[in-house]
Amino acid sequence: MPLTLGIERHLPPDSACFPGTRGGAIKAITCWADTRIVPMGSTTTAHVYWFHGFAGSGKSAISLEIAKIYAGSGRLLASYFFFRNAGDRSRMNRFAVTLASQLAAAVPSAASFIEAAIDTEPGLLTQGVSLTTQMERLVYHPFQAAVRRGLILTTLLKGPFLIVIDGLDECEDKQGIEEFITHMLDFFKRYPSIPLRVFIASRVEQHIHAHLKADGVLLGNLDDYSPDEDIDAFLQASFRIAVKQDPVIQAYIHEHGNWPTISDMGKLNRHINGSFVLASTIFKFIVQPATEADPTTPMDRLPLTLEMNGLDDLYAQILARSQHLPHSREIISTIALLLRPLPIVGISTLLGIKAFEVIRVLLNLQAIIHVPGIDEEGDITLCHTSLRDFLTIKSRSGLFFVPPSFHLHLSYYCFSTIFSTPEGRPHDYGSQYFKAHRRSFVQLSEARDFLKEIGQFKGGQPQLVDRLPYHAFLCSMLFSMLFLVKPQPLDDSSYLLTECTKQLALAVECSDYRIQLWLEKDIPYFIVTEPTRTFQLTEHAYKALQHDLQRASTAILAHLPRILGRQAFSTRKEKEFVIASLLITGISIFTVRQLLNL
């Protein structure tokens, strides 16, 4: 069986070490990685190095540098950079398979053992197999086999192989993390002489700390290495480049002398207080181009940064540059909550706006959002995950807060792309993630907020927009909540039932051609769902339900010649079952047939 494990690993944007910095920390890590693993009595050199530090201290940059060093010497077995809200990079789903793919590339002699494992157990490539089984069969055992047969002896003469794992705290699968760590440490206890090291970088999260503070793990604290000189070197070099490129700064220096002054640099370094991400963001904020809304110069902005209280004030100041532009809130909220990054064209298609409108908003935010030069290909990503934390915590972001209810809007946009967008990344994203966004909305909304958010969603939808009418989306969503979502978002499900039926009637009465596509797609979906729930309705709710069902019946019957013409139904009874299934959206077929006199 051919090996088909490849998956591209995207590095975090702007995460490389500035040349000549972080030397002390890097030296400590390479000394550990280069030490040969020789059993000494009952102990061995630690196989695992856990490198921890606070957010924005530069852990990812160091991880990337370590990966580059050992890739250059041929000893990098694999690397994995987790990134929150970035699809597979924020979960353990593809972790073992990705490591196996890189193992096969780094150690070609191990590829045949991976292929043999897959031939023996094809399910290894599916998510139905446990992470520990995947790691054993696809990574650890193939590497062991290659070592035992002496197939990588030349490389091993240089030292052990290394796996680099960065941002473990950004993985959303806490149970998977604990399972991976526990199994990894157990594996190294069983095979103490295996020439393999694992470097892990993360914040100090409880579920990670509790499992990695153990025998066989070397702890490294980035806080032990003062970054002040490195940050000063980064700022000095960056400002020198800015001076060469900006005629406004050049003219200022010609009239006033050196800029930034020694005093300015001292104040900046003290204000930054050891945070590389703050240093990088402050520099980008200072030298960013002026706009009509913000005509200030770099010389004006430098003293402003000294008055800001850390990243939060800086983020707010930068976001305000695009606050006045159309669709600014929707664009930023989308980027913050996407489960997998999209390019500019993908975001504009998802939101139903023009690509230039996305570009216009993002050009003012390049200090905090990575904007590639190619609209169709390069993904839009946050420069640091602390920006997502800021945006999703109301007490920190204030006017820029991205509420959990925006997942409802994203779910609708995703649902609409399935029927409105030709094949491509927006269509693929919509198909894959509309249920996930819907689930996030339901899980994060309290019962008292649920009805309010649904009402606001309906009231905020424009009537003229090139996407599937929102009534169809609400009907499908409420149907799922009635019969497929547990626990229920509301104690009283009668609202879901009556609102679902109302939205069905409104949807099928629309003349939009996509309504027919929606009905055709959902016929088999409703057929396989055979609900048996009983609902207690007030007389008023019952009459409203009956009225909306009659409206829906009349409209759907008008669609039936086209719908049924594409389906293989042999009897009138089967056709009636389909009609009833569409109309009831969850009520028993018998009851609906009585209501509609079918």
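Quick caveat: nothing in here was measured; it's all calculated off a predicted structure. (Residues numbered from 1 in each chain as written. Predicted model: local features only at pLDDT ≥ 70, side-chain atom pairs only at ≥ 80, totals over all residues. Heavy atoms only, no water.)

Caption draft 1: Representation of the overall build of the protein chain. Counting its secondary structure elements, the protein chain contains 28 helices and seven strands. Put simply, the protein chain has 598 residues, and 54% of those count as buried. Within the protein chain, contacts between residues at least 6 apart in sequence are counted, and of these 76% link residues at least 24 apart. When the accessible area of the protein chain is evaluated, it comes to approximately 27,100 Å², of which 54% is carbon and sulfur surface. (Helix = DSSP H or I, 4+ residues; strand = E, 2+ residues; numbered from the N terminus. Buried < 20%, exposed > 50% of the residue type's maximum accessible area, 1.4 Å probe, protein only. Contact = heavy atoms within 4.5 Å. Areas by Shrake-Rupley, 256 points an atom, 1.4 Å probe, with all protein chains shown as cover.)

Caption draft 2: View of the packing of helix α5 (residues 131-148) against helix α7 (residues 174-190). The contact between α5 and α7 brings their axes to 10 Å, and the two run at 35 degrees. The two elements α5 and α7 meet at a crossing, and its hand is right-handed. Residues L131, T132, M135, E136, Y140 and Q144 of α5 form the contact with α7, whose participating residues are G176, E179, F180, H183, M184, F187 and R190. When grouped by side-chain class, the residues that make up the contact of α5 with α7 number six nonpolar, four polar and three charged. (Axes fitted to C-alpha atoms, helices over the stretch in contact; angles between N-to-C directions. Left-handed = near helix turned anticlockwise from the far one by under 90°. Nonpolar A, V, L, I, M, F, W, Y, C, P; charged D, E, K, R; others polar.)

Caption draft 3: Representation of the nonpolar core. In this structure, F239, L362, L365, I369, L391 and W518 are the most contacted members of the largest nonpolar core, which totals 99 residues. If you tally residues by element for this core, the top one is helix α23 (residues 470-483), at ten residues. Of all hydrophobic cores here, the second largest spans 50 residues; its members include A78, A117, C171 and V198. (Core = buried A, V, L, I, M, F, W, Y, C linked by side-chain atoms within 4.5 Å.)

Caption draft 4: Seen up close, the environment of A320. Looking at where A320 falls in the secondary structure, it is placed in the loop between α14 (310-319) and α15 (328-337). Overall, A320 belongs to the partly exposed group, its relative accessible area being 34%. Taking the C-alpha atoms as reference points, A320 and L399, separated by 79 residues in sequence, lie 9.6 Å from one another.

Caption draft 5: Focus on the pairing of strand β4 (residues 196-202). Counted residue by residue, β4 has seven buried out of seven residues, so it is predominantly covered. The two faces of β4 match: L196, V198, I200 and S202 on one face and R197, F199 and A201 on the other face are all buried. Where strand β1 (residues 48-52) meets β4, five bridges bridge the pair, whose relative direction is parallel. Note that in β4 the partner of Y49 across the bridge is F199. As judged from the six bridges shared by strand β3 (residues 161-166) and β4, these two strands associate in the parallel manner. (Pairing = 2+ DSSP bridges.)

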